[in-house]
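Summary of structural features
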Amino acid sequence: MDARLGFYAGKRVLVTGHTGFKGSWLCEILKMLGAEVTGYALQPPTEPSMFALAGVARGMRSVIADIRDFDALGRVFDETRPEVVLHLAAQPIVLTSYEQPRYTYETNVMGTVNLLECVRLSDSVKSVLNVTTDKVYKNNEWCWGYRENEPLDGFDPYSNSKSCSELVTHSYKASFFDDREIAVSTARAGNVIGGGDFADNRIIPDCVRAAIAKEPIQVRNPNSTRPYQHVLEPLNAYLLIAAAQAADRAKQGYYNVGPDDADCLTTGTLAGIFCDAWGDGLTYEAKHRDGPHEANFLKLDCSLVKNTFGWQHVWNAPEAVRRTVAWTKVYAAGGDVSDVTRRQIAEFFGME
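Quick caveat, the model's predicted, so the values are computed rather than measured. (Residues numbered from 1 in each chain as written. Predicted model: local features only at pLDDT ≥ 70, side-chain atom pairs only at ≥ 80, totals over all residues. Heavy atoms only, no water.)

As a further point, take empty space enclosed by the protein. Using the criterion set out here, one finds one cavity of 30 Å³ or more in the structure. Roughly 40 Å³ of internal volume is contained in the largest cavity. With four residues, the single largest contributor to the lining of the largest cavity is helix 11 (residues 317-332). Per-class residue counts for the lining of the largest cavity are four nonpolar, five polar and one charged. (1 Å grid on protein atoms, 1.4 Å probe; cavity = no way out; pocket = protein on both sides within 12 Å on 5 of 7 lines; lining within 4 Å. Points joined across faces, edges and corners; volume = space filled by probe spheres on them. Helix = DSSP H or I, 4+ residues; strand = E, 2+ residues; numbered from the N terminus. Nonpolar A, V, L, I, M, F, W, Y, C, P; charged D, E, K, R; others polar.)

In this section: the sheet that holds strand 9 (residues 225-230). Judged by pairing direction, the sheet is mixed, and its three strands sit side by side in the order 7-9-11 without closing on themselves. Each edge of the sheet is formed by a strand with only one pairing partner; in this case those strands are strand 7 (191-193) and strand 11 (264-266). The average angle at which neighbouring strand axes cross in this sheet is 50°, direction not considered. The pairing of strand 7 with strand 9 spans three bridges and is classified as parallel. (Pairing = 2+ DSSP bridges. Axes fitted to C-alpha atoms, helices over the stretch in contact; angles between N-to-C directions.)

Right, let's talk about the pattern of salt bridges for a bit. With the rule as written, the count across this model stands at 22 salt bridges. Between Arg323 and Glu319 there is a salt bridge, with its nearest N and O atoms 2.9 Å apart. With a gap of four residues between them, Arg323 and Glu319 both fall in helix 11, about one helical turn apart. The residues Arg323 and Glu319 share a single accessibility class, namely buried. With a shortest N-O distance of 2.3 Å, Glu347 and Arg323 are connected by a salt bridge. Here Arg323 lies in helix 11 and Glu347 lies in helix 12 (residues 337-349), a separation of 24 residues in the sequence. Under the relative-accessibility criterion, Glu347 is labelled partly exposed at 43%. Salt bridges sharing common partners tie together Asp66, Arg68, Arg102 and Glu106. (Salt bridge = Lys/Arg side-chain N within 4 Å of Asp/Glu carboxyl O. Buried < 20%, exposed > 50% of the residue type's maximum accessible area, 1.4 Å probe, protein only.)

Turning next to the nonpolar core. Core analysis: the largest hydrophobic core is formed by 57 residues, its most contacted members being Tyr8, Trp25, Leu30, Leu86, Leu232 and Leu239. Counting residues per element, this core draws most heavily on helix 8 (residues 232-247), which supplies ten residues. With residues up to four places along the chain from it excluded, the contact list for Tyr8 reads Val13, Leu30, Leu33, Gly34, Ala35, Val84, Tyr238, Leu239, Ala242 and Ala243. Grouped together as the second largest cluster of nonpolar side chains are 24 residues, Tyr40, Val63, Ala65 and Val168 included. (Core = buried A, V, L, I, M, F, W, Y, C linked by side-chain atoms within 4.5 Å. Contact = heavy atoms within 4.5 Å.)

Further remarks concern helix 8. Between its first and last C-alpha atoms helix 8 spans 23 Å; for 16 residues at 1.5 Å apiece the expected length is 22 Å, and the two agree. Where burial is concerned, most of helix 8 is hidden: 14 out of the 16 residues are buried. (Expected span 1.5 Å × (residues − 1).)

The next point concerns the state of the cysteines. One pass over the structure, following the stated rule, counts zero disulfides. Here Cys118 is not disulfide-linked; the sulfur of Cys27 is the nearest cysteine sulfur, at 18 Å. Among the residues examined, Cys118 registers a relative accessible area of 4% and is labelled buried. Considering cysteine sulfurs only, Cys264 is the nearest to Cys302, which forms no disulfide, with 8.4 Å between them. We classify Cys302 as buried; its relative accessible area is 6%. (Disulfide = S-S within 2.5 Å.)

Looking at where Ser159 falls in the secondary structure, it is placed in helix 6 (residues 157-177). A residue is classified by how much of its surface remains accessible, and Ser159, at 3% relative accessible area, is buried.

The next thing to look at is the environment of Phe51. Take Phe51: it is sitting in helix 2 (residues 50-53). Residues Phe51 and Ser338, 287 residues apart in the sequence, show an inter-C-alpha distance of 9.7 Å. If we skip the residues at most four places from it in the chain, Phe51 touches His18, Thr19, Ser24, Pro44, Val56, Ala57 and Ser62.

Either a parallel or an antiparallel arrangement is found when strands of a sheet pair, and the pairing is made through backbone hydrogen bonds. Here we have seven strands laid out as an open sheet, ordered 3-2-1-4-5-6-10, and parallel in their pairing. Strand pairing shows two members of the sheet lacking a second neighbour, strand 3 (61-64) and strand 10 (254-257), which therefore form its edges. Across the sheet, the axes of successive neighbouring strands diverge by a mean angle of 15°, strand direction being ignored. With four bridges connecting them, strand 1 (residues 12-16) and strand 4 (residues 84-87) associate as parallel partners. Bridging from a neighbouring strand, Leu14 pairs with Val85 of strand 4. In this fold helix 1 (residues 21-32) packs onto strand 1, strand 2 (36-41), strand 4, strand 5 (127-131) and strand 6 (183-189), with an angle of close to 170° to the strand it touches most, strand 1.

And the structure:
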(Lines give C-alpha, C1' and ligand atoms only; values in the text may rest on other atoms or scores of the structure.)
Protein backbone atom coordinates (compact mmCIF):
# COMPACT_ATOMS: atom_id res chain seq x y z
CA MET A 1 0.00 0.00 0.00
CA ASP A 2 1.15 3.55 -0.72
CA ALA A 3 2.56 4.83 2.57
CA ARG A 4 1.04 8.26 1.95
CA LEU A 5 -2.43 6.82 2.56
CA GLY A 6 -1.43 6.15 6.16
CA PHE A 7 -2.27 9.84 6.63
CA TYR A 8 -5.94 8.89 7.04
CA ALA A 9 -5.56 6.69 10.11
CA GLY A 10 -7.47 8.44 12.89
CA LYS A 11 -8.35 11.47 10.72
CA ARG A 12 -11.86 12.95 10.86
CA VAL A 13 -13.10 12.85 7.25
CA LEU A 14 -16.39 14.21 5.90
CA VAL A 15 -17.63 12.71 2.63
CA THR A 16 -20.59 14.38 0.94
CA GLY A 17 -22.53 12.18 -1.45
CA HIS A 18 -21.56 9.09 0.52
CA THR A 19 -24.69 7.13 -0.43
CA GLY A 20 -23.87 7.27 -4.14
CA PHE A 21 -21.79 4.87 -6.20
CA LYS A 22 -18.42 6.62 -5.87
CA GLY A 23 -19.15 7.80 -2.35
CA SER A 24 -19.90 4.27 -1.16
CA TRP A 25 -16.60 2.92 -2.50
CA LEU A 26 -14.76 5.90 -1.01
CA CYS A 27 -16.22 5.37 2.46
CA GLU A 28 -15.24 1.71 2.40
CA ILE A 29 -11.65 2.65 1.52
CA LEU A 30 -11.49 5.27 4.26
CA LYS A 31 -12.81 2.86 6.88
CA MET A 32 -10.21 0.30 5.84
CA LEU A 33 -7.55 3.02 6.21
CA GLY A 34 -8.69 3.69 9.79
CA ALA A 35 -10.36 7.07 9.28
CA GLU A 36 -13.25 8.38 11.36
CA VAL A 37 -15.78 8.80 8.56
CA THR A 38 -18.90 10.95 8.47
CA GLY A 39 -21.12 10.90 5.40
CA TYR A 40 -23.67 13.52 4.37
CA ALA A 41 -26.10 12.80 1.53
CA LEU A 42 -29.64 12.08 0.47
CA GLN A 43 -31.00 8.55 0.55
CA PRO A 44 -29.26 6.28 -1.99
CA PRO A 45 -30.14 7.50 -5.49
CA THR A 46 -30.96 4.04 -6.87
CA GLU A 47 -32.74 0.87 -5.85
CA PRO A 48 -30.87 -1.38 -5.44
CA SER A 49 -27.85 0.58 -4.22
CA MET A 50 -24.30 -0.33 -3.37
CA PHE A 51 -24.66 1.69 -0.16
CA ALA A 52 -27.33 -0.69 1.15
CA LEU A 53 -26.04 -3.91 -0.42
CA ALA A 54 -22.50 -3.50 0.95
CA GLY A 55 -23.61 -2.22 4.36
CA VAL A 56 -21.54 0.93 3.91
CA ALA A 57 -23.19 2.67 6.89
CA ARG A 58 -21.55 0.20 9.29
CA GLY A 59 -18.55 1.62 11.09
CA MET A 60 -19.21 5.26 10.16
CA ARG A 61 -21.63 8.09 10.88
CA SER A 62 -24.21 8.42 8.12
CA VAL A 63 -26.27 11.63 7.97
CA ILE A 64 -29.18 11.62 5.53
CA ALA A 65 -29.79 15.24 4.54
CA ASP A 66 -29.74 17.57 1.53
CA ILE A 67 -26.57 19.42 0.47
CA ARG A 68 -28.88 22.37 -0.29
CA ASP A 69 -29.78 22.57 3.42
CA PHE A 70 -27.09 24.90 4.74
CA ASP A 71 -28.23 24.75 8.38
CA ALA A 72 -28.24 20.94 8.46
CA LEU A 73 -24.81 20.82 6.85
CA GLY A 74 -23.49 23.41 9.30
CA ARG A 75 -24.65 21.33 12.26
CA VAL A 76 -22.69 18.34 10.94
CA PHE A 77 -19.56 20.46 10.65
CA ASP A 78 -20.05 21.73 14.21
CA GLU A 79 -20.66 18.25 15.61
CA THR A 80 -17.92 16.33 13.78
CA ARG A 81 -15.22 19.00 13.23
CA PRO A 82 -13.82 17.37 10.08
CA GLU A 83 -10.15 17.72 9.20
CA VAL A 84 -10.55 16.55 5.60
CA VAL A 85 -13.58 17.24 3.38
CA LEU A 86 -14.22 15.26 0.19
CA HIS A 87 -17.13 16.79 -1.74
CA LEU A 88 -18.88 14.31 -4.04
CA ALA A 89 -22.56 15.27 -3.53
CA ALA A 90 -24.09 16.07 -6.91
CA GLN A 91 -26.82 15.48 -9.44
CA PRO A 92 -24.50 13.49 -11.74
CA ILE A 93 -26.56 12.45 -14.80
CA VAL A 94 -26.47 14.45 -18.05
CA LEU A 95 -29.93 13.39 -19.27
CA THR A 96 -31.46 14.11 -15.85
CA SER A 97 -29.99 17.61 -16.02
CA TYR A 98 -32.05 18.28 -19.15
CA GLU A 99 -35.18 17.10 -17.35
CA GLN A 100 -34.42 18.88 -14.06
CA PRO A 101 -32.07 21.79 -14.79
CA ARG A 102 -33.03 23.91 -11.79
CA TYR A 103 -32.53 21.05 -9.36
CA THR A 104 -29.20 20.25 -11.02
CA TYR A 105 -27.92 23.81 -10.59
CA GLU A 106 -29.25 24.08 -7.04
CA THR A 107 -27.46 20.88 -6.05
CA ASN A 108 -24.23 21.24 -8.00
CA VAL A 109 -23.68 24.99 -7.60
CA MET A 110 -25.39 26.07 -4.39
CA GLY A 111 -24.48 22.76 -2.79
CA THR A 112 -20.84 23.65 -3.40
CA VAL A 113 -21.41 27.16 -2.02
CA ASN A 114 -22.96 25.68 1.12
CA LEU A 115 -20.08 23.24 1.55
CA LEU A 116 -17.38 25.88 1.12
CA GLU A 117 -19.21 28.33 3.38
CA CYS A 118 -19.21 25.69 6.11
CA VAL A 119 -15.49 25.22 5.54
CA ARG A 120 -15.01 29.00 5.78
CA LEU A 121 -16.77 29.04 9.15
CA SER A 122 -14.88 25.99 10.43
CA ASP A 123 -11.70 26.02 12.49
CA SER A 124 -10.93 22.33 12.00
CA VAL A 125 -10.70 21.77 8.23
CA LYS A 126 -7.20 21.52 6.72
CA SER A 127 -7.84 19.91 3.33
CA VAL A 128 -10.76 20.13 0.88
CA LEU A 129 -11.27 18.35 -2.44
CA ASN A 130 -14.19 19.20 -4.73
CA VAL A 131 -14.85 16.38 -7.21
CA THR A 132 -16.20 17.73 -10.50
CA THR A 133 -16.00 16.07 -13.94
CA ASP A 134 -14.08 15.89 -17.21
CA LYS A 135 -17.13 17.54 -18.80
CA VAL A 136 -16.34 20.97 -17.28
CA TYR A 137 -14.31 21.94 -20.36
CA LYS A 138 -15.57 23.77 -23.41
CA ASN A 139 -15.59 20.69 -25.58
CA ASN A 140 -14.41 21.25 -29.15
CA GLU A 141 -14.25 17.47 -29.68
CA TRP A 142 -10.50 17.65 -30.26
CA CYS A 143 -8.48 14.47 -30.73
CA TRP A 144 -6.09 15.46 -27.91
CA GLY A 145 -6.73 15.60 -24.21
CA TYR A 146 -7.82 18.74 -22.40
CA ARG A 147 -5.41 20.30 -19.94
CA GLU A 148 -6.30 22.04 -16.71
CA ASN A 149 -5.70 25.51 -18.22
CA GLU A 150 -8.31 25.03 -20.97
CA PRO A 151 -11.50 27.17 -20.84
CA LEU A 152 -14.36 25.88 -18.69
CA ASP A 153 -17.83 25.90 -20.25
CA GLY A 154 -19.84 22.69 -20.09
CA PHE A 155 -22.64 22.48 -22.67
CA ASP A 156 -25.51 20.70 -20.91
CA PRO A 157 -26.90 21.75 -17.50
CA TYR A 158 -24.95 19.01 -15.66
CA SER A 159 -21.62 19.85 -17.27
CA ASN A 160 -22.21 23.59 -17.00
CA SER A 161 -23.23 23.36 -13.34
CA LYS A 162 -19.99 21.51 -12.63
CA SER A 163 -18.06 24.26 -14.46
CA CYS A 164 -19.82 26.73 -12.17
CA SER A 165 -18.89 24.58 -9.16
CA GLU A 166 -15.25 24.84 -10.24
CA LEU A 167 -15.49 28.63 -10.45
CA VAL A 168 -17.15 28.86 -7.04
CA THR A 169 -14.28 26.82 -5.61
CA HIS A 170 -11.69 29.06 -7.28
CA SER A 171 -13.36 32.15 -5.82
CA TYR A 172 -13.63 30.80 -2.27
CA LYS A 173 -10.01 29.66 -2.42
CA ALA A 174 -8.77 33.09 -3.55
CA SER A 175 -11.11 35.10 -1.32
CA PHE A 176 -11.01 33.14 1.93
CA PHE A 177 -8.65 30.16 2.02
CA ASP A 178 -5.34 31.33 0.57
CA ASP A 179 -4.67 33.39 3.71
CA ARG A 180 -5.52 30.48 5.99
CA GLU A 181 -4.05 27.02 6.48
CA ILE A 182 -6.75 25.41 4.31
CA ALA A 183 -5.68 23.62 1.14
CA VAL A 184 -8.26 23.34 -1.64
CA SER A 185 -8.21 21.39 -4.91
CA THR A 186 -10.66 20.20 -7.54
CA ALA A 187 -10.47 16.89 -9.39
CA ARG A 188 -11.93 16.52 -12.88
CA ALA A 189 -12.47 12.80 -13.35
CA GLY A 190 -13.34 10.82 -16.43
CA ASN A 191 -16.08 8.18 -16.63
CA VAL A 192 -15.90 5.55 -13.91
CA ILE A 193 -17.11 1.97 -13.91
CA GLY A 194 -17.26 -0.71 -11.25
CA GLY A 195 -19.51 -3.00 -9.27
CA GLY A 196 -22.48 -1.39 -7.58
CA ASP A 197 -23.43 1.25 -10.13
CA PHE A 198 -27.17 0.97 -10.78
CA ALA A 199 -27.78 4.42 -12.29
CA ASP A 200 -30.00 5.04 -15.29
CA ASN A 201 -28.55 6.16 -18.60
CA ARG A 202 -25.03 4.83 -18.02
CA ILE A 203 -23.49 2.19 -20.21
CA ILE A 204 -22.20 -0.29 -17.61
CA PRO A 205 -25.38 -0.30 -15.49
CA ASP A 206 -27.30 -0.81 -18.75
CA CYS A 207 -25.00 -3.75 -19.53
CA VAL A 208 -25.56 -5.19 -16.05
CA ARG A 209 -29.34 -4.97 -16.29
CA ALA A 210 -29.36 -6.60 -19.71
CA ALA A 211 -26.99 -9.39 -18.63
CA ILE A 212 -29.05 -10.27 -15.56
CA ALA A 213 -32.24 -10.20 -17.66
CA LYS A 214 -30.49 -12.34 -20.34
CA GLU A 215 -31.31 -9.74 -23.01
CA PRO A 216 -29.11 -8.00 -25.60
CA ILE A 217 -27.52 -4.76 -24.37
CA GLN A 218 -29.01 -1.66 -25.99
CA VAL A 219 -26.20 0.85 -26.74
CA ARG A 220 -27.46 4.38 -27.30
CA ASN A 221 -24.31 6.04 -28.73
CA PRO A 222 -21.97 3.22 -29.82
CA ASN A 223 -19.44 5.57 -31.50
CA SER A 224 -19.07 8.05 -28.62
CA THR A 225 -15.53 7.98 -27.19
CA ARG A 226 -15.02 8.37 -23.44
CA PRO A 227 -12.16 7.80 -20.96
CA TYR A 228 -13.15 4.76 -18.87
CA GLN A 229 -11.51 3.80 -15.58
CA HIS A 230 -12.39 1.66 -12.57
CA VAL A 231 -13.94 3.68 -9.77
CA LEU A 232 -10.98 2.91 -7.48
CA GLU A 233 -8.57 4.74 -9.83
CA PRO A 234 -9.87 8.30 -9.27
CA LEU A 235 -10.65 7.57 -5.62
CA ASN A 236 -6.99 6.73 -5.13
CA ALA A 237 -6.07 10.04 -6.77
CA TYR A 238 -8.53 11.99 -4.58
CA LEU A 239 -7.05 10.49 -1.44
CA LEU A 240 -3.49 11.21 -2.55
CA ILE A 241 -4.33 14.83 -3.43
CA ALA A 242 -6.16 15.53 -0.16
CA ALA A 243 -3.40 13.96 1.92
CA ALA A 244 -0.51 15.63 0.07
CA GLN A 245 -1.99 19.13 0.13
CA ALA A 246 -2.71 18.85 3.85
CA ALA A 247 1.04 18.51 4.39
CA ASP A 248 2.13 20.90 1.64
CA ARG A 249 -0.28 23.55 0.36
CA ALA A 250 1.91 23.98 -2.73
CA LYS A 251 0.34 20.72 -3.94
CA GLN A 252 -3.18 22.19 -4.12
CA GLY A 253 -4.53 22.85 -7.60
CA TYR A 254 -6.92 21.70 -10.31
CA TYR A 255 -6.28 18.17 -11.54
CA ASN A 256 -7.53 15.99 -14.38
CA VAL A 257 -7.93 12.36 -13.32
CA GLY A 258 -8.45 10.01 -16.24
CA PRO A 259 -7.08 6.92 -17.95
CA ASP A 260 -4.38 6.61 -20.58
CA ASP A 261 -5.22 6.94 -24.26
CA ALA A 262 -5.54 3.15 -24.61
CA ASP A 263 -8.53 3.24 -22.28
CA CYS A 264 -10.39 5.97 -24.18
CA LEU A 265 -12.89 3.66 -25.85
CA THR A 266 -16.05 3.91 -27.86
CA THR A 267 -19.19 2.89 -26.04
CA GLY A 268 -19.62 0.02 -28.45
CA THR A 269 -16.12 -1.28 -27.75
CA LEU A 270 -16.76 -1.13 -24.01
CA ALA A 271 -20.03 -3.04 -24.44
CA GLY A 272 -18.18 -5.69 -26.45
CA ILE A 273 -15.56 -6.09 -23.70
CA PHE A 274 -18.38 -6.48 -21.17
CA CYS A 275 -20.06 -9.16 -23.29
CA ASP A 276 -16.82 -11.13 -23.53
CA ALA A 277 -16.22 -10.87 -19.78
CA TRP A 278 -19.77 -11.90 -18.89
CA GLY A 279 -20.02 -14.82 -21.30
CA ASP A 280 -23.29 -16.79 -21.59
CA GLY A 281 -23.69 -15.57 -25.18
CA LEU A 282 -24.40 -11.98 -24.15
CA THR A 283 -24.52 -9.55 -27.11
CA TYR A 284 -25.15 -5.88 -27.70
CA GLU A 285 -26.94 -3.95 -30.43
CA ALA A 286 -26.81 -0.28 -31.40
CA LYS A 287 -30.05 1.58 -30.77
CA HIS A 288 -29.58 5.13 -31.97
CA ARG A 289 -32.18 7.34 -30.32
CA ASP A 290 -32.94 11.00 -30.82
CA GLY A 291 -32.24 12.94 -27.66
CA PRO A 292 -30.54 16.00 -26.23
CA HIS A 293 -26.93 16.86 -27.04
CA GLU A 294 -24.19 14.68 -25.59
CA ALA A 295 -20.50 15.02 -26.44
CA ASN A 296 -19.17 12.44 -28.88
CA PHE A 297 -15.46 12.73 -28.10
CA LEU A 298 -13.73 13.68 -24.86
CA LYS A 299 -10.23 12.97 -23.52
CA LEU A 300 -8.11 14.35 -20.69
CA ASP A 301 -4.40 15.10 -20.41
CA CYS A 302 -3.50 13.81 -16.93
CA SER A 303 0.19 14.70 -16.96
CA LEU A 304 -0.17 17.12 -14.05
CA VAL A 305 -1.61 14.68 -11.51
CA LYS A 306 0.89 12.01 -12.58
CA ASN A 307 3.90 14.32 -12.31
CA THR A 308 2.77 15.94 -9.05
CA PHE A 309 1.77 12.83 -7.12
CA GLY A 310 3.25 9.93 -9.06
CA TRP A 311 -0.31 8.68 -9.62
CA GLN A 312 -0.63 5.79 -12.06
CA HIS A 313 -3.44 3.49 -13.10
CA VAL A 314 -3.54 0.02 -11.62
CA TRP A 315 -6.24 -1.65 -13.76
CA ASN A 316 -6.74 -0.95 -17.47
CA ALA A 317 -10.24 -0.76 -18.97
CA PRO A 318 -10.61 -4.49 -19.78
CA GLU A 319 -9.48 -5.40 -16.24
CA ALA A 320 -11.88 -2.78 -14.83
CA VAL A 321 -14.71 -4.46 -16.76
CA ARG A 322 -13.67 -7.90 -15.52
CA ARG A 323 -13.68 -6.63 -11.91
CA THR A 324 -17.11 -5.10 -12.49
CA VAL A 325 -18.44 -8.38 -13.86
CA ALA A 326 -16.96 -10.33 -10.92
CA TRP A 327 -18.63 -7.98 -8.40
CA THR A 328 -21.93 -8.11 -10.28
CA LYS A 329 -22.01 -11.89 -10.47
CA VAL A 330 -21.62 -12.06 -6.67
CA TYR A 331 -24.56 -9.66 -6.38
CA ALA A 332 -26.67 -11.55 -8.92
CA ALA A 333 -26.06 -14.82 -7.06
CA GLY A 334 -27.11 -13.30 -3.72
CA GLY A 335 -23.54 -13.47 -2.39
CA ASP A 336 -21.63 -11.31 0.09
CA VAL A 337 -21.32 -7.95 -1.65
CA SER A 338 -19.49 -6.38 1.30
CA ASP A 339 -16.83 -9.09 1.12
CA VAL A 340 -16.18 -8.73 -2.63
CA THR A 341 -16.05 -4.94 -2.24
CA ARG A 342 -13.43 -5.09 0.48
CA ARG A 343 -11.44 -7.78 -1.34
CA GLN A 344 -11.26 -5.68 -4.50
CA ILE A 345 -10.17 -2.64 -2.47
CA ALA A 346 -7.48 -4.67 -0.71
CA GLU A 347 -6.21 -6.09 -4.02
CA PHE A 348 -6.21 -2.70 -5.72
CA PHE A 349 -4.36 -0.89 -2.92
CA GLY A 350 -2.08 -3.78 -1.97
CA MET A 351 -3.41 -3.95 1.58
CA GLU A 352 -2.15 -6.92 3.58
